[in-house]
Each structure stands twice: as C-alpha cells, then as structure tokens.
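Structural description and commentary
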Amino acid sequence: MTEFELPVLSVSNFNKQFGKGCPSCKDSNEDSLKKNYCPVCGTVYACQDITFEVYAGEILGVVGESGSGKSTLMQCLYFDQEVSSGEAYISSYKDGKRDVFAESSQQKRYIRNHMMGKVYQNPLWGLRINFTSIGNIAEKLIAAGNRHVGKMEARGKELLEHVNIPIYRMKEAPKNFSGGMQQRVQIAKALSNNPPLLLLDEVTTGLDLSVQASVLDLIKTIQRELQITVIIVSHDLGVIRMLADRTMVMLDGRIIEQGLTDQILEDPQHDYTQHLVQSLL
Amino acid sequence: MRIEYNFAFFDEGSKREIRRATLKAVAIPGYQVPFASREMPIARGWGTGGLQLTLSLVGKEDILKVIDQGSDESVNAVNIKKLIIKTTGIKVTDETSEATIIQSRHRIPEIPLQAGQILVLQVPLPEPLRYYEPSELETKKLHAEQEYSGAWLMLFEQIMNYGTMSTGADHPAMVHDRYVMAPSPIPRFDNPKLNHSQALILLGAGREKKVYAVPPYTRVESLAFEDFSFEVESFQDKCCGLCGAKGVFLDEILDDLTGETFHQCNDTSYCLQRLNQKSAG
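Residues numbered from 1 in each chain as written. Chains lettered and ligands numbered in written order. Predicted model: local features only at pLDDT ≥ 70, side-chain atom pairs only at ≥ 80, totals over all residues.

Across its full length, chain B carries seven helices and 12 strands. For 281 residues, the compact-globule estimate of 2.2 N^0.38 gives 19 Å, and the C-alpha radius of gyration of chain B, at 19 Å, lies within 12% of that figure. Principal-axis analysis of the C-alpha atoms gives chain B an extent of 60 × 55 × 35 Å. The buried share of chain B, taken over its 281 residues, is 44%. Summarising the internal contacts of chain B: among those between residues at least 6 apart in sequence, 62% fall at separations of at least 24. (Helix = DSSP H or I, 4+ residues; strand = E, 2+ residues; numbered from the N terminus. Rg over C-alpha atoms; globule rule 2.2 N^0.38 Å. Buried ≥ 20, exposed ≤ 12 C-beta atoms within 10 Å, placed from the backbone. Contact = placed C-beta atoms within 7 Å.)

Structure follows, in structure tokens:
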C-alpha cells in the first residue's frame, strides 16, 4: 500500500448563500443567524462550510429536514447553480487536480455530460416530457458525444428494460406515463452514459409505497452491477437506511453529524439527529 | 402626394447599423447577430429581414434579382423588386449570373453562384434550437457553450418516429465547426450549395431581429449521424417537363383536368434560360 484510495468526489469548504450578507452576519457566527437566515439583511445561508468526500462504489446518504440545504448542495454539485465559495475535485476529471467549481461554463457542461447523472425529485425537471422516452435517453448520450443512432437505440432499449418499462412504449412521451414510470425513465436517462457519479435528489418522494420499493430496489441493483458512486438525498430515513453506506446529517445548511449509516441511526450524537431518529415511525 | 425617399428607403444611420451587424455576422460565421429590425412597408414575416439586408447593401451599380420559392415572378418577389426599384432606381434581372445581389426566399439558384455575388436569404426562424428550448436566454447559453445536443436530438426523434430524418427544409447545419445554423427553409437539396460557396451568403430574420452569415469558402456541414447520413431529395429519373433538365430541384405539378402529375424546374429563370438556348440553337 503506497497510496490511499482517491475519493471520486471531494468537496471542501463549500458555501452557498442567497443575498449579499451584511456586517452582522458576514463573519458567519451562528449567534447572529436565525436558523440559516440573517434577520438584519435577509440573506439566506443555504450551505455553510460543507466538506466531505465520496469514494468509488459508495452510496452516501444526505438527510435533513426541509430547508436544510440538501437540494441546494445537489444543485451546486450538478452546476445547476453557481457556488458562493468552495472547491470540488472529481478524480476522473484532469486527475482530480482542478477545482471544478472554478472551471468555465463549457467545462462544467462537459463534466456534467460525461461524468455525472442526476435524477431530480420532479421528473419534469430532468426530462423533456414531449419528446419520446428513447429520445430522452438519447439526449444524454448525444450530449456525451455519441452520434450513432443504432447504438443509442440499443443502449436506450437496454436501459428501459432495466428499469422495467416495456419496450413497446419507448416511442411514447413521458407525459403519458405515470409518476413512477416517469421517475424510472429519468433514472434510465441519468444512467445512460455510465456516469461515475450519480446524484439522486429525493427520488422516491411522492411515489406510492410499492413503486418506491421497486425504484429503490432498482437503484440498489444498478449500483451493485455497475459499481457507480451515488449521493442520495432524502428526508426519509427508511430510504437512507436501506441504501446508504455512509450518511451525513444536515441542519440549517451545516453538516452536524456524519458517519456510517448504522452508527448514525443506532447511536445518534447530535440533538437534532436524536430527535430525527426518535421520530422514525 | 409625392414623397421623396432617401436612396434605398432607409436613412443613412439605419443602413449603417444594419451593415455593422452584417460585418459582425461575417466575422463570426453562423453566429446570430441581433439588430434593430426596422418597420418596413411590408409586414414582418414577409421577407423584411432579407429586404433590410438588401437595402443596406445596395449601391447604384448593383444589379438585383429577387426570387420567391424559385420564381422571379411571384407576387412577393415582384413587390420587393418594385420597392427597391422605386427607392434606388437600380437595374433588376432574372439571370442569376448577371446579378450582383440575389435576394431569395427559400431557394439557392441552380446556376452556381460566383465570387463577388451576394445571396440574401429571408429567414422566418433563425434559431435552430427553438423547438427544443423555447427560451431565448437559454438558447443563447447553449450556443455559447456549443451545446448542440438539442439539434441532434430533434433529428434522432425524427428517425425514431419516421425511420428517417424528415426535415423537408431548414435542415440544421454546422458552420465552420462552431455554430449550428438554421439555413432558412431551403430544401435539403440546397444545403450542399452552402458549403464552400464562392458567393457571400447573408441571412436576415426581420421578425426575429437577427442577421447571420456564411462567408465565402466556409465549411458548412449538414448535421447527420454516423449510421444515418445526410441525403438530399432525390427525383430519381424524373426530368423537367418543359426544358428536360435533370438533377435539379423539381416541383411536382398536378394537372386538374387529366389528373396526371408532371415535374417542372422549381427555378423558373433557369428553366427559361434553357428553353431560350434551345430555341436559339
């Protein structure tokens, strides 16, 4: 053993704020803020000083209540939003030596198209609902540089089969599908170019229980088969318990606790985590 | 009442503004330059973009040809010619080789254009990504980041739905390996004529307030897939019923009395020229 394993993604001192900030909140001492909100100037500190690493083949869970900054974190990781400050390194991009947050928008687009996949909470955000399902999957493949219709069609069919959508409906637009099916098309799309990093943002929220189970099952299967790294955001501890190897707990834009999922659920240290685990039905 | 118009209808300031936009368009092949589209004595969407380009470029020595879907004598072409003659007094012609400026609606003449000539095309929808992305703000970003998955996706959808690329006209083309351009609704048959054209090609969209250009000897590649190559319309062994021309763009015409169909050159001046040569020789 000469070297330690490099993380697939490492994020350090990442901050995201909405608003300019004022002298009373700028030094970001916790006393001046009301949760993550500055009562003086109205600035929201959505994510504060977030540092974490994810390793290959690992599933990292992120839990926290609504408004704790989980989705903002995911949006920034997928470059849907600009970060306020902080650095991130992806091992497969330029040997993990370049801060991806500081790259140009073209490069960000490249990273997103070639190295990431994201499944949004709402399928409408991740899909073009008027295009065919197979076209939706092809969009991601085209973006990653694919220009062969036959190969893209074959890959699309393979993925749709994988997510249990009948092939004879592949030319149908996702707007005709049920919520669960739309979510599965979205998963197929996110997986199409074999991304080393998959971001899942509340994928099962709003789905009925049996569909939730099948979607989770699908994610677990695919993750095992393809050995992809996954970051999964959820406020549902059941989902985290089933999927995540490691878990971070977020509150008011900060990571208040992180560790092995079992450890967090069985022996929570922070007040909030204890409260959260207590309220698990 | 006699109104004295300035030469070429516009005041000098307006002409200069349009020329400035045109110069920028020539400098960045395929890039859509916004310009202050003027009110015209014809309605927007009826060739005002092309007309403004022509009026800003025309000099006393120029010889003008105007065609509408290949015809020199259609109402639109005649009215545009009348306006330009009235305000400039320049010579007009039907002969492609004689003209210095050719304003055209949706055709590139059959006779190859020469160095020194300018082809002005009227454009209804200059944005090749519009159907894919309705927001102008977003399409601007997509162009800036050279993200053209959308253009390919639309072709992919056509192949999925119809088994072939079904663009009847306006088949998108990559200009100088950088910008994807809507070549105005010219038939696919004319797309190859854009590539390494000896003449300067200008495209003007009056309603959408955009000007773009293909400078002489610029590479213009019609979008295609590895396994679905770009193909022009084929008329097989059909030939023009009047002049007998083959390998040109033909119109299919139905004879109301007999119910028979026959073909005829779409480019009327080309057809007429051939007939004249025949009768002379």
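There is more to say, and it comes next.
On to the domain arrangement of chain B, then. Residues and elements named next belong to chain B. If you check the domain split of chain B, you get domain 1 (12-222) and domain 2 (234-281). The distance between the C-alpha centroids of domain 1 and domain 2 comes to 26 Å. The interface of domain 1 with domain 2 comprises 13 residues on the first partner and eight residues on the second. Its residues assigned to classes, the side of domain 1 that touches domain 2 comprises four nonpolar, three polar and six charged. (Domains from an automatic or database assignment. Nonpolar A, V, L, I, M, F, W, Y, C, P; charged D, E, K, R; others polar.)

Attention now goes to the interface of chain A and chain B. The interface of chain A with chain B comprises 16 residues on the first partner and 15 residues on the second. Going through the elements one at a time, α3 (105-115), α5 (133-143) and α6 (149-162) of chain A are the ones with two or more residues in the side of chain A that touches chain B. If you tally residues by element for the side of chain A that touches chain B, the top one is α5 of chain A, at six residues.

To continue, consider the sheet that holds strand β3 (residues 59-64) of chain A. All names here are of chain A. Across the sheet, six strands lie side by side as β5-β6-β7-β3-β8-β9; this open sheet has mixed pairing. Strands at the two margins of the open sheet, each flanked by one partner only, are β5 (116-119) and β9 (254-260). Adjacent strand axes in the sheet meet at a mean angle of 15°, parallel and antiparallel pairs treated alike. One ladder, built from five bridges, connects β3 with strand β8 (residues 246-251); its direction is parallel. What sits directly across from G61, in β8, is T247. (Pairing = 2+ DSSP bridges. Axes fitted to C-alpha atoms, helices over the stretch in contact; angles between N-to-C directions.)

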